[in-house]
Amino acid sequence: MDLREELPSDRRAVRDVHLRAFGDHGIVVADLVDALRDTLTPEDGLSLVAEHDRQVVGHVMFTRSLLDAPRRLVDVHVLSPLAVLPELHGRGIGSALVRHGLGILAERVVPLVFLEGDPGYYSRFGFAPGHGLGFRKPSLRIPDGAFQAIRLPKYEPWMTGTLVYAEPFWRHDAVGLRDPDA
């Protein structure tokens, strides 16, 4: 398996990975990826693919958002989404993508990475509940345990506050969980 930055020629394959990995929510996630891709710059954000036998089998994005800290706004990143072809789950592809991405971001000026996800999965990478680290989630729809953060080497103790998602997360209603009965 090779891990590398996404190329323009990977777009269709990346979309297919998300469509297959997220089932009924695949369209929303794939559309979110397309919108987030437009926010990436060489300095901000990261889109990685896992490739096996010349086929894209996994994808992860880290995109710029803001932390509304008491001292000033802080550029941070959000890990979302992460997807692996369903038939390849449990083979370490997602873990390799996350570790590789965090390693790259640790070498940049990124102080924090946030996500919404399963604490049982993401704690293995060093993510911890955001509220326990002095952070507030951007929406009440995000379950407390799902809101997580990891501090990278550029983190400073004054960096606390509220995460402010980038606009595409709101436009695609990809923040927290909606109540299906409401």
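Computed from a predicted model, the values in this text were never measured in an experiment.

Cut-offs used in this document
- Residues numbered from 1 in each chain as written.
- Predicted model: local features only at pLDDT ≥ 70, side-chain atom pairs only at ≥ 80, totals over all residues.
- Heavy atoms only, no water.
- Core = buried A, V, L, I, M, F, W, Y, C linked by side-chain atoms within 4.5 Å.
- Buried < 20%, exposed > 50% of the residue type's maximum accessible area, 1.4 Å probe, protein only.
- Helix = DSSP H or I, 4+ residues; strand = E, 2+ residues; numbered from the N terminus.
- Contact = heavy atoms within 4.5 Å.
- Pairing = 2+ DSSP bridges.
- 1 Å grid on protein atoms, 1.4 Å probe; cavity = no way out; pocket = protein on both sides within 12 Å on 5 of 7 lines; lining within 4 Å.
- Points joined across faces, edges and corners; volume = space filled by probe spheres on them.
- Nonpolar A, V, L, I, M, F, W, Y, C, P; charged D, E, K, R; others polar.
- Polar contact = N/O pair within 3.5 Å; in protein donor to acceptor, adjacent residues only side chain to side chain.
- Phe/Tyr/Trp six-rings, centres within 6.5 Å; stacked < 30°, edge-to-face > 60°.
- Axes fitted to C-alpha atoms, helices over the stretch in contact; angles between N-to-C directions.
- Left-handed = near helix turned anticlockwise from the far one by under 90°.

(A) Region of interest: the nonpolar core. Of all hydrophobic cores here, the largest spans 54 residues; its most connected members are Leu67, Leu79, Val113, Phe114, Phe127 and Phe135. Put simply, the parts of the chain that give this core at least two residues each are helix H1 (11-21), helix H2 (26-37), strand E2 (46-52), strand E3 (55-68), strand E4 (73-84), helix H3 (93-107), strand E5 (112-116) and strand E8 (147-151). For this core, the element with the most residues is E4, which contributes seven residues. Setting aside anything within four residues of it in sequence, one finds Phe127 in contact with Leu79, Leu102, Val113, Leu115, Tyr122, Gln148, Ala149 and Ile150.

(B) A look at the pairing of E5. Counted residue by residue, E5 has four buried out of five residues, so it is predominantly covered. By the bridge criterion, two bridges tie E4 to E5 in an arrangement that is parallel. The partner of His77 across the bridge, within E5, is Val113. Pairing of E5 with E8, which is carried by five bridges, proceeds in the antiparallel orientation. Across the sheet, Phe114 pairs through a bridge with Ala149, a residue of E8.

(C) Representation of the layout of surface pockets. Looking at the largest pocket, its volume works out to about 1000 Å³. Residue lining of the largest pocket: 39 residues in total, with Phe22, Val29, Ser80, Pro81 and Glu116 positioned closest to the centre. Those elements giving two or more residues to the lining of the largest pocket turn out to be H2, E4, H3, E5 and helix H4 (119-122). Taken together, the residues that form the lining of the largest pocket break down as 23 nonpolar, 10 polar and six charged. In this structure, the second largest pocket encloses a volume near 190 Å³. Looking at the lining of the second largest pocket residue by residue, the classes come out as five nonpolar, three polar and five charged.

(D) Spotlight on the side chain of Arg37. Secondary-structure assignment places Arg37 in helix H2. Side chain to side chain, Arg37 and Asp34 meet in a polar contact 2.8 Å long. In this structure, Arg37 is in contact with Glu6, Arg11, Val14 and Met61, ignoring residues within four places of it in sequence.

(E) Main features of the environment of Ala128. Along the chain, Ala128 falls in strand E6 (residues 128-129). C-alpha of Ala128 to C-alpha of Ile150: the two residues are 22 residues apart in sequence and 6.5 Å apart in space. Setting aside residues no more than four positions away along its own chain, Ala128 makes contact with Leu133, Phe147, Gln148 and Ala149.

(F) Representation of the packing of aromatic side chains. Going through the model one piece at a time under the given rule, you end up with eight aromatic pairs. When the ring of Tyr165 is compared with that of Trp170, the centres are 6.3 Å apart and the planes differ by 70°; the resulting orientation is edge-to-face. The class for Tyr165 is buried, based on a relative accessible area of 6%.

(G) Geometry of the packing of H1 against H2. Between H1 and H2, whose axes approach to 8 Å, the crossing angle comes to 145°. Classified by chirality, the crossing of H2 by H1 is right-handed. Two secondary-structure elements touch here, H1 through Arg11, Val14, Arg15, His18 and Leu19 and H2 through Gly26, Ile27, Val29, Ala30, Asp31, Val33, Asp34 and Arg37. A breakdown of the residues in the contact of H1 with H2 according to their chemical character gives six nonpolar, two polar and five charged.

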